[in-house]
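Residue strings, one per chain:
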Amino acid sequence: MKFTANRRIMLEYLKTMISVVPKNSTIKELKGFLIEANDDDGYLYLTANNQDAAIQRKFKPVVESGGNFVMEARMLVDILTLLGGDDVIFEELKSGVIEIKSGKCVYTMRVLDGRIYPRPEIPFPGTTVNICGIKQMYLKTRATVGKDGASESLKGIHFSIKPEGFKAESCNVRDVAIATRPMSCGGNMDFILPKQTLFYLAQAAGDDDLEVGISGPFVVFMKDGMLFSARKLACEFVDVGRILNSLQSVYKSVVEGDDFKREILGACDIASMGTETSYVKLDFGETGIDMSTMNEVGSGSHSVSCVMVEGTADSSFYYPASELRDIFKTVDGKMIVQLDKRGYLLVFDKCNRFMLTPMSPHAVEKQFVKIEERKTKSKTSRKKQEVTKAA
């Protein structure tokens, strides 16, 4: 086996694939990339597989003789990063040993036989639809996916694809995110994929145009030079639209999304400075929304202008700073802020809807007690240090 490949292209592809490679696996071959040089069609095939998701990318090198091998994933990426030059030569010296060469730099590496690599299932679907912007959809919905203890349907992101566009939804019982993208998709499709699987896909595909199809238990995403296959979750997703529509608004205002984002992220930064991230209090007024937070390190307040268009002002609730940050850093343009009488916060921009549950009074009081205890402990510690220095 011998081939010459563009080093930068190969490195770029492998970097987008490495997240799929399992860090811990009883099958040692899965910890590496499968590299296949095909002298029939002239392509170099790169494969990563963790048995839940798999990705294969291809491009054309110069293939002198075909062959395959498996090499530890991080090692291969590191070698290609350290090498200089535009091209890199891979050559099999003997069974289980390859030489990787670029310019005057040569690596001689032991590798595994590619024939024993567990081949992933990447079926070709009968019908496909078109989508794009998968990375943005993932970023907008990842924060509200259910944790390990949640029901199976809440551990993933639900995709509903229609001819006129598609949406991605997630829900962790407390919070909801719905992101939509108007576009010509060319058909209908519905599936749920695990959050981690969507992370792999977002890394590899970015916001590029994709063809999507379903074949049995697998969802397959395709673009030029890339195939990505993942096992879908076999369950029904909760009707999050019904949850949002059931809320009764007592306050509604319009704010500039960029202004709100800047101020809320500033408040969240202060909230994260303490021993543990504290809550952010939002006060909803007629002409402005005030934000404040405190911890044992200090406190801070921010404000953003708004125009109240419905309901009554002067309500206030506390929300987790980490969840506020995750939601508001993805909003764009003008934004509608809506409040339910129980404090459920609804945020709408042109294409996205979010719901955030307030903290209970008991949880807020409990954190205030902790903050005061830490302040007292810190003061006592400083006094002891001063006494020690004076002595």
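Here is a short report on the structure shown in this document. Bear in mind that the values here come from a model prediction, so they are computed numbers and not experimental data.

**With respect to the packing of helix α3 (residues 134-141) against helix α4 (residues 195-205)**
Alright, step 1. Where α3 contacts α4, the axes come no closer than 9 Å and their chain directions differ by 145°. When you trace α3 past α4, the crossing you get is left-handed. Packed against α3, whose contacting residues are Ile134, Lys135 and Tyr138, the element α4 presents Lys195, Leu198, Phe199, Leu201, Ala202 and Ala205 at the interface.
Alright, step 2. When grouped by side-chain class, the residues that make up the contact of α3 with α4 number 7 nonpolar, no polar and 2 charged.

**Describing the nonpolar core**
Alright, step 1. Counting residues in hydrophobic clusters, the biggest one holds 66 residues, and the most contacted among them are Phe3, Met10, Phe33, Phe90, Ile100, Phe221 and Phe228.
Alright, step 2. The element best represented in this core is α4, accounting for 6 residues.
Alright, step 3. If sequence neighbours within four positions are ignored, Phe3 has contacts with Ile35, Ala37, Leu44, Pro61, Val62, Val63, Glu64, Phe69, Val88, Ile89 and Phe90.
Alright, step 4. Ala267, Val280, Val337 and Leu356 belong to the second largest nonpolar core, which has 28 residues in total.

**Here we look at the pattern of salt bridges**
Alright, step 1. This structure, assessed with the given rule, holds 15 salt bridges.
Alright, step 2. A salt bridge links Asp332 to Lys140; its shortest N-O distance comes to 3.7 Å. Pair noted here: Asp332 is in the loop between α7 (321-328) and β25 (334-340) and Lys140 is in helix α3, with a separation of 192 residues, a long-range link.
Alright, step 3. Taking the shortest distance from any N to any O, the salt bridge between Lys329 and Asp326 comes out at 3.8 Å.
Alright, step 4. In this structure, a network of salt bridges that share partners links the residues Asp259, Arg262 and Glu263.

**Description of the pairing of strand β8 (residues 97-102)**
Alright, step 1. With 5 of its 6 residues buried, β8 lies for the most part within the structure.
Alright, step 2. Here 5 bridges tie strand β7 (residues 87-94) to β8, and the two strands are oriented antiparallel to one another. Its bridge partner being in β8, Lys94 is matched across the sheet by Val97.
Alright, step 3. Bridge count for β8 against strand β9 (residues 105-110) is 6 bridges, and the pairing is antiparallel. Looking at β9, one finds that Lys101 is bridged to Val106.
Alright, step 4. Once β8 ends, the chain turns through 2 residues before running back antiparallel as β9, passing Gly103 with a positive phi of about 60°.

**Digging into the sheet that holds strand β22 (residues 299-305)**
Alright, step 1. The sheet built from 4 strands is open, its strands ordered β22-β21-β20-β24 with antiparallel pairing. With partners counted over all chains shown, the strands left at the sheet margins are β22 and β24 (315-320), one partner each. Shown here is a sheet whose adjacent strand axes are inclined to one another by a mean of 20°, direction ignored.
Alright, step 2. Summarising the sheet, strand β21 (residues 288-294) and β22 pair through 7 bridges and their orientation is antiparallel.

**So, α3**
Alright, step 1. By the burial criterion, the buried members of α3 are Ile134, Met137, Tyr138, Lys140 and Thr141. An end-on view of α3 places all buried positions within 165° of arc, on one side of the element.

**What about the sheet that holds β8?**
Alright, step 1. A sheet is described by the order of its strands in space; here 5 strands give the open sequence β5-β1-β7-β8-β9, paired in antiparallel fashion. A strand with exactly one partner marks an edge of an open sheet, and here the two such strands are β5 (62-65) and β9. Neighbour-to-neighbour, the strand axes of this sheet turn through a mean angle of 20°, independent of strand direction.
Alright, step 2. Taken strand by strand, helix α1 (residues 7-17) contacts β1 (2-6) and β7, and its axis lies near 80° from that of β1.
Alright, step 3. Contacting β7, β8 and β9, helix α2 (residues 73-82) runs over the sheet at an angle of about 170° to β9.

Conventions used here
Residues numbered from 1 in each chain as written. Predicted model: local features only at pLDDT ≥ 70, side-chain atom pairs only at ≥ 80, totals over all residues. Heavy atoms only, no water. Axes fitted to C-alpha atoms, helices over the stretch in contact; angles between N-to-C directions. Helix = DSSP H or I, 4+ residues; strand = E, 2+ residues; numbered from the N terminus. Left-handed = near helix turned anticlockwise from the far one by under 90°. Contact = heavy atoms within 4.5 Å. Nonpolar A, V, L, I, M, F, W, Y, C, P; charged D, E, K, R; others polar. Core = buried A, V, L, I, M, F, W, Y, C linked by side-chain atoms within 4.5 Å. Buried < 20%, exposed > 50% of the residue type's maximum accessible area, 1.4 Å probe, protein only. Salt bridge = Lys/Arg side-chain N within 4 Å of Asp/Glu carboxyl O. Pairing = 2+ DSSP bridges. Arc of directions from axis to C-beta.

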